[in-house]
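# Coordinates in review
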Amino acid sequence: MSNRAMLVDYEWCTGCHSCELSCQMKNNLPVGQFGIKITEIGPWQYDDKKWQYTYVPMITDQCNMCADRIEAGKMPLCVQHCQSGCIEIGDVEQLKLKMTNKSKQLLIQP
Ligand code: SF4
Ligand code: SF4
């Protein structure tokens, strides 16, 4: 297993789907298949005044972590196209350190 992982700061994910589309085009995936997929949670209201409404990016088995691009010295394509800068791919141990003191993050290792 590679030490490469994805860190998602989903507090800032806008649900724009740019990551999904860029990955589909790069990997020539058919309609309905994804290397990364945005999950929508909500909206619903709770505690009278609070709302649950969150987008969470999740990679699939078809994500190869853009190994070809990284070897060529380029950014993973989904990372390059995320205008919110909320996804990052790197060494799992270094990404673990980035998780401290910040809520609403996910560390995913394929
Ligand atoms: S790292 Fe590459 S293969 Fe994986 S989701 Fe992002 S664009 Fe797709
Ligand atoms: S490109 Fe970034 S902001 Fe847009 S859906 Fe993907 S992770 Fe969220």
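This text goes with the structure placed above it.
This report concerns the structure included in the present document. (Residues numbered from 1 in each chain as written. Chains lettered and ligands numbered in written order. Predicted model: local features only at pLDDT ≥ 70, side-chain atom pairs only at ≥ 80, totals over all residues.)

## Side note on the site of ligand 1
Every one of the 14 residues lining ligand 1 counts as a neighbour, but Cys23, Gly35, Cys63, Cys66 and Cys78 are closest to it. Those elements giving two or more residues to the shell around ligand 1 turn out to be helix H1 (18–26) and helix H3 (77–81). Classifying every residue of the shell around ligand 1 gives 10 nonpolar, three polar and one charged. (Near = placed C-beta within 6 Å. Helix = DSSP H or I, 4+ residues; strand = E, 2+ residues; numbered from the N terminus. Nonpolar A, V, L, I, M, F, W, Y, C, P; charged D, E, K, R; others polar.)

## A short note on the pairing of strand S2 (residues 36–46)
The buried count for S2 comes to one of 11 residues, which makes it a mostly uncovered element. In terms of strand pairing, S2 meets strand S3 (residues 50–59) through nine bridges, oriented antiparallel. Within S3, the residue paired with lysine 37 across the bridge is methionine 58. Linking S2 back to S3 in an antiparallel pair, the connection comprises three residues, with aspartate 47 at a positive phi of about 50°. (Buried ≥ 20, exposed ≤ 12 C-beta atoms within 10 Å, placed from the backbone. Pairing = 2+ DSSP bridges.)

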